[in-house]
Amino acid sequence: MKETLDRIIQMLIDSGFKLLGAFLILYIGLKLIKMLTKGLGKSKIFNKLEKSLQTFLISFVGIALKVILFISVASFIGIPMTSLITVLGSAAVAIGLALQGGLSNLAGGVMILFFKPFKVGDFVDTHADSGTVTDISLFYTTLQTPDNKVIILPNGNLVNAPIINYSKIEERRLDLTISVAYDSDIEKVKEVITKVIEKNELVLKDKDIFVRLTEMADSSLNFAVRVWVNSDDYWTVNFDLKEAIKEALDKNNISIPYPQMDVHVVK
């Protein structure tokens, strides 16, 4: 009886030391993984990679190292590897069926990284949300809106949705419609608008400037104005031109009409 009790006590002591050792390995391992991923992100070679690739790789390396750490801890405790692999395989199948959306997001993250429809720093529109891409991880992409809202989108949805990338090409065409009164001199209007455009330093002068009458509407003559700008300057030029054109039209006594309707009363 005493021998049996001694064996039980010894087993409990051994198990306690193993559990304590496993806890220490897990604790130290998680700390080292955190330090490693941080150091990886700050390394010179890593910083030469594209920003979206950096965030993706850090996320992937962190998850892979944690999986290896947990397997090592289980092996240290004494769980047979064959049994562990069998359990992990069964669990992977069950988790895969339960988390099909997560796997879809993982596949989407890989596709975004490989095909590069957008990268960190691009301004994109998903037709439901729009903003600047600030992070691309294994499962999610983060957008920051112009008014500083943070939108987190599943990668699986992004790869299956039409996306407008406003930053993919460095130059964009700005289209404006300017309306003037019917009695306005067409050539004079074109001349005034063209001069305003030529004075704007952000308008690309090596591209054609288009100012033409495109519509005789119910109460106005509508002119189409098309200029090319750098993508980063799009909204600045948009607002600057509208203000400057309005001021120039006023100085040249060219009126912008209010909507009006002629009513004829027959007695």
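For the structure, check the block above.
Residues numbered from 1 in each chain as written. Predicted model: local features only at pLDDT ≥ 70, side-chain atom pairs only at ≥ 80, totals over all residues. Heavy atoms only, no water.

In this structure, the second largest pocket encloses a volume near 280 Å³. Around the second largest pocket, the lining residues are Gly 121, Phe 123, Thr 132, Pro 146, Tyr 166, Ser 167, Arg 172, Ser 231, Asp 232, Tyr 234, Trp 235 and Thr 236. When residues in the lining of the second largest pocket are grouped by element, the largest group, three residues, is from helix H8 (residues 234-251). Of the residues belonging to the lining of the second largest pocket, the class tally is five nonpolar, five polar and two charged. (1 Å grid on protein atoms, 1.4 Å probe; cavity = no way out; pocket = protein on both sides within 12 Å on 5 of 7 lines; lining within 4 Å. Points joined across faces, edges and corners; volume = space filled by probe spheres on them. Helix = DSSP H or I, 4+ residues; strand = E, 2+ residues; numbered from the N terminus. Nonpolar A, V, L, I, M, F, W, Y, C, P; charged D, E, K, R; others polar.)

Let's shift gears to the environment of Val 61. Counting through the fold element by element, Val 61 comes out in helix H3 (residues 51-77). Accessibility expressed as a relative area gives 25% for Val 61, which makes it partly exposed. Placed 24 residues apart in sequence, Val 61 and Thr 37 show a C-alpha to C-alpha distance of 7.4 Å. (Buried < 20%, exposed > 50% of the residue type's maximum accessible area, 1.4 Å probe, protein only.)

Glancing now at the sheet that holds strand E8 (residues 221-230). Spatially, E6-E8-E7 is the arrangement adopted by the three strands of the open sheet, whose pairing is antiparallel. Only two strands of the sheet have a single partner each, and these edge strands are strand E6 (171-180) and strand E7 (210-216). Across the sheet, the mean angle from the axis of one strand to that of its neighbour is 25°, orientation sign disregarded. Taken together, the six bridges between E7 and E8 define a ladder with antiparallel strand orientation. The residue of E8 that forms the bridge with Phe 210 is Arg 226. Each of E6, E7 and E8 touches helix H7 (residues 186-199); the most contacted strand, E8, lies at about 20° to it. Where H8 meets the sheet, it contacts E6 and E8, and its direction lies at approximately 25° from that of E6. (Pairing = 2+ DSSP bridges. Axes fitted to C-alpha atoms, helices over the stretch in contact; angles between N-to-C directions. Contact = heavy atoms within 4.5 Å.)

Let us look at the nonpolar core. Counting residues in hydrophobic clusters, the biggest one holds 23 residues, and the most contacted among them are Ile 193, Ile 197 and Leu 241. For this core, the secondary structure elements donating two or more residues are E6, H7, E8 and H8. Those residues within four positions of Ile 197 in sequence are excluded, and the remaining contacts are Val 203, Lys 205, Ile 209, Val 211, Val 225, Val 227 and Leu 241. Core analysis: the second largest hydrophobic core is formed by ten residues, Ile 112, Phe 118, Val 124 and Val 133 among them. (Core = buried A, V, L, I, M, F, W, Y, C linked by side-chain atoms within 4.5 Å.)

Following both chains from N to C, one finds H7 and H8 inclined at 140°, their axes separated by 9 Å at the closest point. Considered as vectors, H7 and H8 are oriented oblique to each other. Crossing handedness for the pair H7 and H8: right-handed. In contact with Val 192, Ile 193, Val 196 and Ile 197 of H7, H8 contributes Leu 241, Ala 244, Ile 245, Ala 248 and Leu 249. Here the residues of the contact of H7 with H8 sort into nine nonpolar, no polar and no charged. (Parallel < 35°, antiparallel > 145°, perpendicular 65-115°, else oblique. Left-handed = near helix turned anticlockwise from the far one by under 90°.)

Bringing the pairing of E8 into the picture now. Among the ten residues of E8, seven are classified as buried, and the element is accordingly described as predominantly covered. Two elements, E6 and E8, share ten bridges in a ladder whose sense is antiparallel. Each residue of the ladder has a partner; that of Leu 174, found in E8, is Val 227. Counting the residues in the hairpin turn of E7 and E8 gives four residues.

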